[in-house]
Amino acid sequence: SDEHISTVQYLQKGGAVAGAVLVTTPEEVSMADVRKELNFCQKTNVPILGIVENMGRYKAPLSSLQFETKEGQDCTADILKKLQETCPAVLETLISADIFPATGGGPKAMAQLYQVPYWGVLPLDPALLT
């Protein structure tokens, strides 16, 4: 919009624009917004420092998961007890899963397409809340 362009031009005159770091999730709706920002930055000569993929993976200790039977009954205590008895080291491992499906190669492919640095993935990590 005109307001955004005017703001960037004003900041550029004052030497206050070092560049932009763009943050996206792997979902297409988020990446579509970031593609608009990439185009905006290119049109206004704002250097793009990099793209960060936020919530690209879910990461948590296995012991923090909840387990259910096929019927939907909670069996977490039983599973954790069995693991503790038979393979306690497994309880110390982290699990990792893609929560948001990446589209067309995800943010990394988008960064390559626009020839800007891909800075990596910030996981969706419940430990960040504590």
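Numbers given to residues run from 1 along each chain, matching the order in which its sequence is written. Where local features are concerned, this predicted model is filtered to residues with pLDDT of at least 70; where side-chain atom pairs are given and counted, the filter is 80 or more; whole-chain, interface and lining totals use all residues. Each side-chain value is derived from all of the structure's non-hydrogen atoms; neither hydrogens nor water enter the calculation.

Caption draft 1: A nonpolar patch on the surface, seen in detail. On the surface, a cluster of nonpolar side chains totalling about 360 Å² of accessible area is made up of Val21, Val23, Leu49 and Trp119. By secondary structure assignment, the location of Leu49 is in strand S2 (residues 48–61). Relative accessibility under 20% of the residue-type maximum defines a buried residue, over 50% an exposed one, and the middle range a partly exposed one, all with a 1.4 Å probe and only protein chains included. For Leu49, a relative accessible area of 34% corresponds to the partly exposed category. Here, patches come from residues exposed beyond 30% relative accessible area and free of salt bridges, joined within 9 Å for like charges and within 5 Å for nonpolar side chains (Val, Leu, Ile, Met, Phe, Trp, Tyr). We get accessible surface area from the Shrake-Rupley algorithm with a probe of 1.4 Å; when it comes to residues, only the shown protein chains can shield them. Every case where a carboxyl oxygen of Asp or Glu lies within 4 Å of a side-chain nitrogen of Lys or Arg is listed as a salt bridge. What counts as a helix is a DSSP run of H or I of at least four residues, what counts as a strand is a run of E of at least two, and both are numbered from the N terminus.

Caption draft 2: Layout of the state of the cysteines. We call a pair of cysteine sulfur atoms a disulfide whenever their separation is within 2.5 Å. In total, this model carries zero disulfides according to the counting rule given. For the unlinked cysteine Cys75, the closest cysteine sulfur is that of Cys87, found at 17 Å.

Caption draft 3: Structural detail: the environment of Ser6. Position of Ser6 relative to the elements: it lies in helix H1 (residues 2–13). Ser6 sits in the partly exposed class, given a relative accessible area of 44%. In sequence terms Ser6 and Cys41 are 35 residues apart; their C-alpha atoms lie 13 Å from each other.

Caption draft 4: Molecular detail of helix H2 (residues 28–43). Between the first and last C-alpha of H2 there are 22 Å, a value that for 16 residues agrees with the 22 Å anticipated at 1.5 Å per step. Restricting attention to buried positions, one finds in H2 the residues Ser30, Met31, Val34, Leu38, Phe40 and Cys41. Contacts made by the buried residues of H2 are with H1, strand S1 (20–24), S2 and helix H4 (106–114). Of the residues flanking the end of H2, it is Asn45, one or two places downstream, whose phi is positive at about 60 degrees. To estimate the expected span of a helix, count its residues, drop one, and scale the result by 1.5 Å. We call two residues contacting when some pair of their heavy atoms lies within 4.5 Å.

Caption draft 5: Quick look at the nonpolar core. Formed by 15 residues in total, the largest nonpolar core has its most connected members in Leu22, Leu38, Ile48, Ile51, Met110 and Val116. Mapped onto this core, the elements with two or more residues apiece are S1, H2, S2 and H4. Broken down by element, this core gets its largest block of residues, five residues, from H2. Beyond its immediate chain neighbours, meaning those up to four positions away, Leu38 contacts Leu22, Ile48, Ile51, Met110, Tyr114 and Val116. Side-chain atoms within 4.5 Å are what join buried Ala, Val, Leu, Ile, Met, Phe, Trp, Tyr and Cys residues into a set we call a nonpolar core.

Caption draft 6: Geometry of the environment of Lys108. Tracing the sequence through the fold places Lys108 in helix H4. Using a relative accessible area of 46% as the deciding quantity, one classes Lys108 as partly exposed. Note: C-alpha distance between Lys108 and Val121 (13 residues apart in sequence) is 9.2 Å.

Caption draft 7: Quick peek at the pairing of S1. Residues Ala20, Leu22 and Thr24 of S1 are buried on one face, while the alternating residues Val21 and Val23, pointing to the opposite face, are not. At least two DSSP bridges between two strands are required for those strands to pair. For S1 and S2, the ladder comprises five bridges, and the chain directions are parallel. When the sheet's bridge partners are listed, Ala20 is paired in S2 with Ile48.

Caption draft 8: Region of the structure containing the side chain of Thr76. Relative to the assigned elements, Thr76 resides in helix H3 (residues 76–86). With a relative accessible area of 12%, Thr76 lands in the buried category. Residue contacts for Thr76: discarding those within four places in its chain leaves Leu65, Gln66 and Phe67.

Caption draft 9: Seen up close, the pattern of salt bridges. What the rule picks out here adds up to two salt bridges. The partner of Arg35 in a salt bridge is Glu28, and the shortest N-O contact between them spans 2.1 Å. One salt bridge connects Asp98 with Arg57, and the closest N-O pair in it is separated by 2.4 Å. Of this pair, Asp98 sits in the loop between strand S3 (94–97) and H4 while Arg57 sits in strand S2, and the two are 41 residues apart along the sequence.

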